[in-house]
Amino acid sequence: MPRSICTYGFIPVRSEPSESSRLETQILFGESFDILERRNKWAYVRLRYDGYEGWIDDKLIEKLDDRDVELWEKSEGFIVKRPFVKVVKESDSTVQYLTAGSRVVFNGEDRNVIRIGYREFYWQGTMPESKVELEEVARGLLNAPYLWGGKTFYGIDCSGLVQVVYKTAGIFMPRNASQQIETGQVVSFVEEAKSGDLAFFDNEEGEIVHVGVCLGQGRILHASGSVRIDALDHQGIYNAETRKYSHHLRVIKRVI
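Keep in mind that what you see is a predicted model, and the values were worked out from it rather than measured.

All right, on to the pairing of strand E12 (residues 119-123) then. As paired strands, strand E8 (residues 84-89) and E12 are joined by three bridges and run antiparallel to one another. Paired with Val-87 across the two strands is Trp-123, which belongs to E12. Here strand E11 (residues 113-116) pairs with E12 via four bridges, running antiparallel. Considered in E12, the bridge of Ile-116 is made with Arg-119.

Relative to the helices and strands, Met-1 resides in the segment before strand E1 (3-5). Placed 65 residues apart in sequence, Met-1 and Asp-66 show a C-alpha to C-alpha distance of 8.9 Å. The contacts of Met-1, once residues within four sequence positions are left out, are Asp-34, Ile-35, Leu-36, Arg-46 and Asp-66.

On to the packing of aromatic side chains. All chains considered together, the criterion is met by 10 aromatic pairs. With 5.2 Å between their ring centres and 65° between their planes, Tyr-49 and Phe-172 make a pair best called edge-to-face. Residue Tyr-49 is located in the loop between strand E5 (42-47) and strand E6 (53-57), and its partner Phe-172 is located in the loop between helix H3 (158-168) and helix H4 (177-180); the two are separated by 123 residues in the primary sequence. With relative accessibility at 43%, the residue Phe-172 sits in the partly exposed group. Ring centres 6.5 Å apart and planes at 80° place the aromatic pair Phe-153 and Tyr-154 in the edge-to-face group. Taking the relative accessible area as the measure of exposure, Phe-153 reaches 23% and is therefore partly exposed. By the ring-pair criterion, three or more aromatic residues cluster together here, those being Phe-84, Tyr-97, Phe-153 and Tyr-154. Lying across the ring of Tyr-49, Lys-167 places its NZ or CZ 4.7 Å from the centre.

On to a nonpolar patch on the surface, then. Taken together, Phe-84, Val-95, Tyr-97 and Tyr-154 make up a surface patch of nonpolar side chains, about 390 Å² in accessible area. By the element assignment, Val-95 lies in strand E9 (residues 95-99).

Although it is not a glycine, Gln-217 adopts a positive phi angle of roughly 55°. Here Gln-217 is to be found in the loop between strand E17 (208-216) and strand E18 (219-224).

What counts as what
- Residues numbered from 1 in each chain as written.
- Predicted model: local features only at pLDDT ≥ 70, side-chain atom pairs only at ≥ 80, totals over all residues.
- Heavy atoms only, no water.
- Pairing = 2+ DSSP bridges.
- Helix = DSSP H or I, 4+ residues; strand = E, 2+ residues; numbered from the N terminus.
- Contact = heavy atoms within 4.5 Å.
- Phe/Tyr/Trp six-rings, centres within 6.5 Å; stacked < 30°, edge-to-face > 60°.
- Buried < 20%, exposed > 50% of the residue type's maximum accessible area, 1.4 Å probe, protein only.
- Lys NZ or Arg CZ within 6 Å of the ring centre and 35° of its normal.
- Patch = residues over 30% accessible without salt bridge, like charges linked within 9 Å, V, L, I, M, F, W, Y side chains within 5 Å.
- Areas by Shrake-Rupley, 256 points an atom, 1.4 Å probe, with all protein chains shown as cover.
- Salt bridge = Lys/Arg side-chain N within 4 Å of Asp/Glu carboxyl O.

What follows is the structure, encoded as structure tokens:
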């Protein structure tokens, strides 16, 4: 089964082999994927990080040997924790931006070189921090617009936000809120919620439709319209601008 690695800031993954079909998720720089099928100018892929499947533009696939992918996956790397960082493509000296959650391996001759197959990228600016608090990463995504299927500062959904933020802390989270609720231990009372806990919300049918990152002291950071901070109590999320509750609280879970 052929495999590859994302060499772009992100690759859109769609529900059907069409640019007009729904965005399901995104593959971030440095994430690897299996190529399950090819159809015309499209490829059906499975992300090796979370098992998500969908269609991507075949032109965005870097042609790599299996050995290249294996070496990349086994190499010691780090996860980008800032909202975005800048790298320069060696081939044409153009700038490319990597967002939080991207995986980088310095594997070239120089300390700041990232090599994937025959492509080389040069890290620009200060070297990445070894440790950044989860809440700081989450706050770095404030004001990012909501985008169904998004996982970047340029557009992100509620569960994508949670997956990316926890990934920077070295903790795997599934892609969807309905899967994420299965992780962690129940926090009995809202007043006991700590920074980094996850709050889940349901609709009238009892389906999990939203998730956010608790900040403690009755606050929650979540993607709703944009990534924002709102009040959280036993009823749910209270939007001070509309003076209404926007989401009904189902449960709070502690993962870390």
